[in-house]
Amino acid sequence: MKKVYPDPQAALAGLLRDGMTIMAGGFGLCGIPDELIGAIQASGVKDLTVISNNAGIDGVGLGKLLETRQIRKMISSYVGENKEFARQYLGGELEIEFNPQGTLAERIRAGGAGIPAFFTKTGVGTLVAEGKEVREFDGESYVMERGLVADLAIVHAWKGDTEGNLVYRKTARNFNPMMATAAEVTVAQVEHLVQPGEIDPDHIHTPGIFIGRIIHVPNREKRIEQRTVRTRKAPDAATAGGQI
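All figures in this text were calculated on a predicted structure; none of them were measured in a lab.

Caption draft 1: Broad picture of the sheet that holds strand β6 (residues 134-137). Judged by pairing direction, the sheet is antiparallel, and its 3 strands sit side by side in the order β5-β7-β6 without closing on themselves. In this open sheet, the two strands that pair with only one neighbour each are β5 (117-120) and β6. On average, each strand axis in the sheet is inclined to that of its neighbour by 40°, with strand direction left out of account. Looking at chain direction, β6 and strand β7 (residues 140-146) are connected through 4 bridges and run antiparallel. Residue pairing in the sheet places Phe-137 in a bridge with Glu-140 of β7. Along the sheet, helix α5 (residues 101-112) contacts β5 and β7; its crossing angle with β5, the most-contacted strand, is approximately 155°.

What follows is the structure in structure tokens.
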């Protein structure tokens, strides 16, 4: 089956509908499937539930879908970098399901593994546990969390082959790999697209069986979420010229 599509619109054709649940990979602005997000925005699909660690920033990543009011509900962990997100939430325009970051990652992993629920100590005795089952194991209290699955997952990989075997780099491995396993269909955008056999099997993070469609996105823009700089200290006379 041919998995490589010519552009994001073609890769998402027939997969989008109002009211669906979408998992969107990435961490901050690292490893986000921005080209696929742009195609979702252009499609006009609405009333979406989006599962993502965060919601990008204003006008970037999932921030695009917030600006066009296409997201009804976010299942997230950290959303502090998006002013439009905060405005909609505080104004009662956006439904939020907050999760501790590790809990969110495990809920997605569990969903991909076919595990409907699990127990964790994280959140016991806090607002996180309200309305959820709390059970005691070995004298300790644990709260039950449900696994998460989606209709569609969109992920970004550094390298992939035409069969869908994917390799992620550094921080992009935080959420993309487990999301790729937890949806009915996963569409991947890949920076470096190679032929089968060109990736060492020991280096593959997501096996191709989880990937339904692929687009090639070479030379994509890589944004910095927060740029922190400091004044460079001029060398003193004792160290100038490499002398000690």
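Having seen the structure, we can now continue with the description.
Caption draft 2: Looking closely at a nonpolar patch on the surface. Together, Tyr-89, Leu-90 and Phe-98 make up an exposed nonpolar region whose accessible area comes to about 340 Å². Counting through the fold element by element, Tyr-89 comes out in helix α4 (residues 83-90). The partly exposed category is assigned to Tyr-89, whose relative accessible area is 37%.

Caption draft 3: Local environment of the environment of Phe-119. Inspection of the secondary structure assignment puts Phe-119 in strand β5. Taking relative accessible area as the criterion, Phe-119 reaches 26% and is therefore assigned partly exposed. In this structure, the C-alpha to C-alpha distance between Phe-119 and Asn-54, residues 65 residues apart in sequence, is 23 Å. If sequence neighbours within four positions are ignored, Phe-119 has contacts with Glu-133, Arg-135, Phe-137, Tyr-142, Val-143 and Met-144.

Caption draft 4: Unusual backbone geometry, seen in detail. The backbone of Asp-47 sits at a positive phi, close to 60°, despite the residue not being glycine. By the secondary structure assignment, Asp-47 is in the loop between α2 (34-43) and β2 (48-51). The exposure class assigned to Asp-47 is partly exposed, which follows from its relative accessible area of 38%. Non-glycine residue Arg-69 carries a positive phi angle of around 60°. Its place among the elements puts Arg-69 in the loop between α3 (63-67) and β3 (71-76).

Reading the values: the criteria
Residues numbered from 1 in each chain as written. Predicted model: local features only at pLDDT ≥ 70, side-chain atom pairs only at ≥ 80, totals over all residues. Heavy atoms only, no water. Pairing = 2+ DSSP bridges. Helix = DSSP H or I, 4+ residues; strand = E, 2+ residues; numbered from the N terminus. Axes fitted to C-alpha atoms, helices over the stretch in contact; angles between N-to-C directions. Contact = heavy atoms within 4.5 Å. Patch = residues over 30% accessible without salt bridge, like charges linked within 9 Å, V, L, I, M, F, W, Y side chains within 5 Å. Areas by Shrake-Rupley, 256 points an atom, 1.4 Å probe, with all protein chains shown as cover. Salt bridge = Lys/Arg side-chain N within 4 Å of Asp/Glu carboxyl O. Buried < 20%, exposed > 50% of the residue type's maximum accessible area, 1.4 Å probe, protein only.

Worth remembering: the numbers are spatial, not functional.
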